[in-house]
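Each chain, letter by letter, is given below.
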Amino acid sequence: MARLGDVFGVQEMTNWLKTWLALNITKDGLHEFVDREVKQFQTGIYHNITSTLGVSANTTCTGCLTANILPCPTQGVCKKRGRKSCKSIHDTPRKQHRPCPLSICEAVRDHIKNDHRFDGPSWKNTCAEQWACNHWQIGKCFMPPDGYIGVTSIRDTDFNGVISVMLNCIHFDNLMSFSIAPMSVSPCLLTKARDIGKAVRHSPSCEVTDFDLNDYFNTLETLLKDSKTLANDSNAQDAVSKLILLRNESTISLAEMSHLLKDAHQTLGKAENVTKERKAQMESYMEQLKTKLDEHAETLKENISEHANACTVESKRLFNEHANTRTEESKINLTEHVNTLAKKSIQDIQGAISSKKESDYENKVEDFVRRLKQHYNLTMSHVSISTLLPSGDEFLYKIYAAHAICRIVESNGGNKTENPITTYKEILCRGEHEKLHKRIFLQGEAGMGKTTFACKLVLDWCNPGGALSYISKTFGDANTLQEFKLVLLITLRDSVCERDVTNMIKEQIIDMVYTDTERNDAYGMLNKIMQQEMCLVVQDGLDEWKDPQGKLAQPIMLSCYTQCTVFTTTRPWKLTDERIRKSQIDSLFELKGVRDPYELCKSLLDSFGCNTLKEFKQYVLKNGLHALLLSPMLLSLIVSSWVDGIRLTGSRCDIYTVLVDALFKKASEKNSFFVQPPFVCFQNTRYLQHNFEHLQAIAKAAFVMLFSAEREQSLVISERQLSHCLTPKQKYIALKTGIITERKCVSRTYQTSTCSFIHKSVQEFLAAVHIAENSATLQVVSRFFAENSNAMFENQIFIFLCGLNILLANECSRIIDSTMDTKFLLSTYIEGFIEAQANVQNPNDIDLKLSRFDYNGYYVDDNTFLRILQMNKSNAKLLEIYRYILLPPDVLHGLAQLKDLKLSGCECKGLDLSSCHNLEIIDLDGEGITLQPNAFNGLTQLKTLKLSGCECKGLDLSSCHNLEIIDLDGEGITLQPNALNGLTQLKTLELYECVCKGLDLSSCHNLEIIDLHGNQITLQPNALNGLAQLNKCTLND
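Keep in mind it's a predicted model, so treat the numbers as computed, not measured. (Residues numbered from 1 in each chain as written. Predicted model: local features only at pLDDT ≥ 70, side-chain atom pairs only at ≥ 80, totals over all residues. Heavy atoms only, no water.)

(A) Highlighting the overall build of the chain. Counting its regular elements, the chain contains 32 helices and 29 strands. Across the 1037 residues that make up the chain, the buried fraction comes to 49%. Residue pairs at least 24 apart in sequence account for 57% of intrachain contacts in the chain once pairs closer than 6 positions are excluded. Accessible surface computed for the chain: about 49400 Å², of which carbon and sulfur atoms make up 50%. (Helix = DSSP H or I, 4+ residues; strand = E, 2+ residues; numbered from the N terminus. Buried < 20%, exposed > 50% of the residue type's maximum accessible area, 1.4 Å probe, protein only. Contact = heavy atoms within 4.5 Å. Areas by Shrake-Rupley, 256 points an atom, 1.4 Å probe, with all protein chains shown as cover.)

Structure representation (structure tokens):
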């Protein structure tokens, strides 16, 4: 055994050290009790508030900063003189005093203040945004005002902080047997305990008298034995036992003494007001302690040895005799025991090291998540109300409207079905076992709300019980997102020069939440988390990113991140890239705008202070604007215009003209009108006429960027490159209007910046304005489309051009049709035709050229389709219809160049094909299609004929001399006996349930396959004579 008094020459110093150790033991004894009660205090506050407000018990707010809920000035917090602004807590626009949107945070603040014994909570210590998720942030309000900002749990809190919580929080009044009244004549036990800590911390000589030491131990033991609660607390009573051991030094073992020595070094560093000489002296004494402990142990060994030598000869003889009689088995057992102890010691050490590493990792992850959520809540909680005023933002939850999202399922036959979904679980999981998808795509056209949905997802992860998820009619299952340790949102348009997702995260997130000195460690922690934990990486705007090296269709996600799910938003055209294989898309969804457009209209009108929803609906109905309301961007523009007294038609050009005109108002409020407007949509503009030169320059910049050979510069361009398009004055106007935005880039040498248009669709409209005024640009457009096959689907330029200059659009359509080998242009042409009509273009001037028609379920304007088809009678080469449409019998009259015809699901009675002399492929499917008996007369180029479910009586194909494949299916098809006479090129004949009596095939000398099914088919006796090439013949029934 060892005594502290045996090693310290100065007893008062020994007492000082023992007091420090006693305070540490007492603090540990109070841990569980105080932590549990602060947690109950927090729970009681929120239960009381939610009950009073009448909201769900799970409703919380994590979006209010401490500064937001404290009025300025607040005593002890704000630094403000006179009318000058606050220089401390309210020093930025985000930190201004404002009401909590849920009325929760002010109520929590008032509860804390009312339960503080002296009405003076330490607001500087706490983070209000964490009150709902970390009870100790509430506890910190009851600690001294300095030194506790970085504390996150009771384990990080010193003795003075723990005692202060018990002293200052009225909640503890009913938990102690004595009155907690530190200002009374006779101080309570808590006050005495706090004074002990002060005396030890502020002792300049590091000395405590024997009398004081005894009094200190009595006070701390009495506190821990308090009969009301602590007497039944196991941790508190363990601490009492340790205090008794420390008081009675003779019972302290060498191992215990070594442990106390380590604590002594730590406690000395915490001591305040200790002179350098005294601190050095204390450290010297501790070294002596260590040395004397070793000497004391050696002395004990020597005493044992001397005692053995003093034994009698007889004792030694007996001892030796006993030793010699030990069995070999005893030696083996002893060896095994020693080895076992050694292994256990090694395992304990390794376990301690592993536990320490695990604890450090968890703490760092918790810190990473805390910083990330704080960053998201600061940067994403607000959205712009209107594109007319980007700086005018509002809380997202106030103007959020449910998105309309459906799952796209493609069958093996190529048919697509759309299944509406309303939860995050439906997006993230699949199958009855709810296995997580790894690669998820959400497609949607520009302005449909993809970025807003991504922001909502991130905020729901940050605040699972917050206002946004609480009010959401769809995607309210924010708890589903808690499966992910991290949700990492990257905006791809802001990282066009990067290829690696990790580098994008470093640039857009880590560099925003960590200081320079912390970033290297944060990069390593990010890599470790992404490898070990479930993470969700949200890539917003794949269509706005292009691989700098031109090789990849998507940014690189390292294969070692097997726990990560990637959620990508994009415009649909991007997924037509052949480099994005079907196997790389686990699940595909489409965002079609908002479920209830008028819900969003009402929210926006409310935010503008207008109660005119009924009148607004009538205006939308009268002007045919309802289809445009599905796009949140256009909806906000229409609502903003309505509030400002501007009335719109259904023209896209009209809408974007109003937008650009309103933006130019920021440059100059001078009104002027065009005498002869360059375009119909410019007729009523007020601010474009005297800014027209600036508009033309900006429009040219939009065109140059979009049609740049360097595709990565099509949306974001450097300040230097923009200077080639705009003069300093023109750039100033563009920035002032907000049409172009500029962002600074991180650089350690020169300050650089990048520029981009306010929205890609605005850039497309302005580029179309430039083309409409400059016919020579069509050569650039032609070359660009030839080199970039998907360019047509990337933007709305052609549609805008139809509304601005239909003659130039006609010429552009010829270029597009001649240079692009695709059949998916029809939807763009239909929208262009409608735009031309909406802009009162001369109907006789509309002459859009198209040779490939693919009319499927995505387009529902049958009249426009038929008009475009008719204006291309001499041009159409391919016609595919895969939806219901009523076709007139003569719909194909005059389509002399048509080579490929496929109809499915449509209706046409008496279809006549006789004028389509160049047809090579016919594939007709559907009971609604009937053909005239002579429908195929003169089709000498026909090679493939497939009819299924159609009706055709007395079919005669004998004039189709080049037929190679015939596939007929259906009782409604009857053939004449000589229907196939002279078809010498025929190789495959398949008939199912058709009607044909006495069929003769003897002239079909090159037939290789015959497959006939049905009891209505009969053959002449010599029908198969001379079929030398026949390889397969199947006759059933």
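Further notes follow.
(B) Examining the sheet that holds strand β22 (residues 951-955) more closely. Read across the open sheet, the 4 strands follow the order β18-β20-β22-β24; overall the sheet is parallel. A single partner strand is all that each edge strand has here, and the edge strands are β18 (908-911) and β24 (973-975). Each neighbouring strand pair of the sheet contributes to a mean axis angle of 15°, computed without reference to strand direction. Relative to strand β20 (residues 929-931), β18 runs parallel, the two sharing 2 bridges. Looking at the pairing, L911 lines up with L931 of β20. (Pairing = 2+ DSSP bridges. Axes fitted to C-alpha atoms, helices over the stretch in contact; angles between N-to-C directions.)

(C) Structural detail: helix α23 (residues 692-706). With 15 residues, α23 should cover 21 Å at 1.5 Å per step; its first-to-last C-alpha distance of 21 Å lies within 8% of that length. Of all 15 residues in α23, 11 are buried, a share of seventy percent or more. Residues of α23 that are buried include every one of F692, H694, L695, A697, I698, A699, A701, A702, F703, M705 and L706, and no others. (Expected span 1.5 Å × (residues − 1).)

(D) Focus on the packing of aromatic side chains. For the structure shown, the criterion picks out 24 aromatic pairs. An angle of 70° between the planes, with centres 5.9 Å apart, marks the rings of F41 and F142 as edge-to-face. Remark: F142 occurs in the loop between α4 (135-139) and α5 (159-168) and F41 occurs in helix α1 (residues 11-53); sequence separation between them is 101 residues. The pair F41 / F142 is uniform in exposure class, with both members buried. Seen in terms of ring centroids, F453 and F567 are 6.3 Å apart; in terms of plane orientation they differ by 45°. Their pairing is tilted. Of this pair, F453 sits in helix α15 (residues 450-462) while F567 sits in strand β10 (residues 564-570), and the two are 114 residues apart along the sequence. On the basis of relative accessibility, which here comes to 0%, the residue F453 falls in the buried class. Among the residues examined, F567 registers a relative accessible area of 1% and is labelled buried. Each residue in the set Y424, F453, F475 and F567 is aromatic and connected to the rest through ring pairs, giving one cluster. In this arrangement the basic side chain of K373 is found over the ring face of W461, its NZ or CZ atom lying 4.9 Å from the centre. In this structure, K506 packs its charged tip against the face of Y523, placed 4.9 Å from the ring centre. (Phe/Tyr/Trp six-rings, centres within 6.5 Å; stacked < 30°, edge-to-face > 60°. Lys NZ or Arg CZ within 6 Å of the ring centre and 35° of its normal.)

(E) Local environment of the side chain of K450. Looking at where K450 falls in the secondary structure, it is placed in helix α15. Of note is the side chain of K450, whose polar atom sits 2.9 Å from the backbone oxygen of G444. The contacts of K450, once residues within four sequence positions are left out, are L442, Q443, G444, E445, D540, T569, T570, R571 and L591. (Polar contact = N/O pair within 3.5 Å; in protein donor to acceptor, adjacent residues only side chain to side chain.)

(F) Fine view of the sheet that holds strand β29 (residues 1032-1036). Judged by pairing direction, the sheet is parallel, and its 9 strands sit side by side in the order β15-β16-β17-β19-β21-β23-β25-β27-β29 without closing on themselves. Single-partner strands in this sheet number two, and they are β15 (852-855) and β29. Taking the axes of each pair of neighbouring strands and ignoring which way they run, one obtains an average angle of 5° across the sheet. Relative to strand β23 (residues 965-969), strand β21 (residues 944-948) is paired through 5 bridges, and the arrangement is parallel. Along β23, the bridge assignment pairs L947 with L968.

(G) Seen up close, the confidence of the model for the chain. Considering every residue of the chain, the mean pLDDT works out to 81; 81% of them sit at 70 or more. Taken as a whole, residues 310-316 scores under 50 in pLDDT and shows 3 contacts with residues more than four places along the chain or in a different chain. Note on residues 746-751: pLDDT is under 50 here. Beyond four places in sequence and across chains, it has 2 contacts. (pLDDT = per-residue confidence, 0-100.)

(H) Region of the structure containing the pairing of strand β11 (residues 587-594). β11 sits mainly inside the fold: 7 of its 8 residues count as buried. Across 5 bridges, the pairing between strand β3 (residues 403-410) and β11 is antiparallel. Residue pairing across strands places R407 opposite F589, the latter belonging to β11. Bridging between strand β7 (residues 439-443) and β11 involves 4 bridges; their strand directions are parallel. Its bridge partner lying in β11, L442 is registered against F589.

(I) Focus on helix α32 (residues 862-870). Among the residues of α32, those classed as buried are T864, F865, L866, I868 and L869. Looking at the buried positions of α32, the neighbouring elements they touch are α31 (826-838), β15 and β16 (878-881).

(J) Main features of the packing of helix α29 (residues 797-804) against helix α30 (residues 806-819). Direction vectors running N to C along α29 and α30 enclose 145°, while the axes themselves pass 6 Å from each other. Considering the relative orientation of α29 and α30, their crossing is left-handed. Counting all contacts with α29, which are made through F798, L801, C802 and L804, the residues of α30 involved are I806, L808, A809, C812, S813 and I816. Of the residues belonging to the contact of α29 with α30, the class tally is 9 nonpolar, 1 polar and no charged. (Left-handed = near helix turned anticlockwise from the far one by under 90°. Nonpolar A, V, L, I, M, F, W, Y, C, P; charged D, E, K, R; others polar.)

(K) Spatial organisation of the side chain of D226. Structurally, D226 can be placed in the loop between α7 (210-224) and α8 (234-247). For the buried residue D226, which engages in no salt bridge, the nearest side chain bearing the opposite charge is K228, 7.3 Å off. What D226 contacts, discounting residues up to four positions off in sequence, is L175, M176, S177, F178 and A231. (Lys, Arg positive; Asp, Glu negative; His and termini not counted. Salt bridge = Lys/Arg side-chain N within 4 Å of Asp/Glu carboxyl O.)

(L) Highlighting the nonpolar core. Residues L766, F865, F936 and L980 are the most contacted members of the largest nonpolar core, which totals 215 residues. Ranked by residue count, the leading element in this core is α23, at 10 residues. Residues contacting F865, with those up to four places away along its chain left out, are L826, I830, F853, Y855, L879, I881 and I885. Counting residues in hydrophobic clusters, the runner-up holds 73 residues, among them I45, I69, C105 and I180. (Core = buried A, V, L, I, M, F, W, Y, C linked by side-chain atoms within 4.5 Å.)

(M) Quick look at the pattern of salt bridges. This model, assessed by the stated rule, comprises 23 salt bridges. D367 is the partner of R370 in a salt bridge, and the nearest nitrogen-oxygen pair spans 2.8 Å. Here R370 pairs with D367, and both are found in helix α12 (residues 328-380), just 3 residues apart, close to one helical turn. Overall, the relative accessible area of 31% leaves R370 in the partly exposed class. Where D862 meets R883, a salt bridge forms, and the shortest distance between an N and an O atom there is 2.7 Å. Remark: R883 occurs in the loop between β16 and β17 (900-904) and D862 occurs in helix α32; sequence separation between them is 21 residues. For D862, a relative accessible area of 24% corresponds to the partly exposed category. In this structure R883 comes out as buried when scored by relative accessible area, which is 17%. A network of salt bridges, in which partner residues are shared, links D367, R370, R371 and E518.

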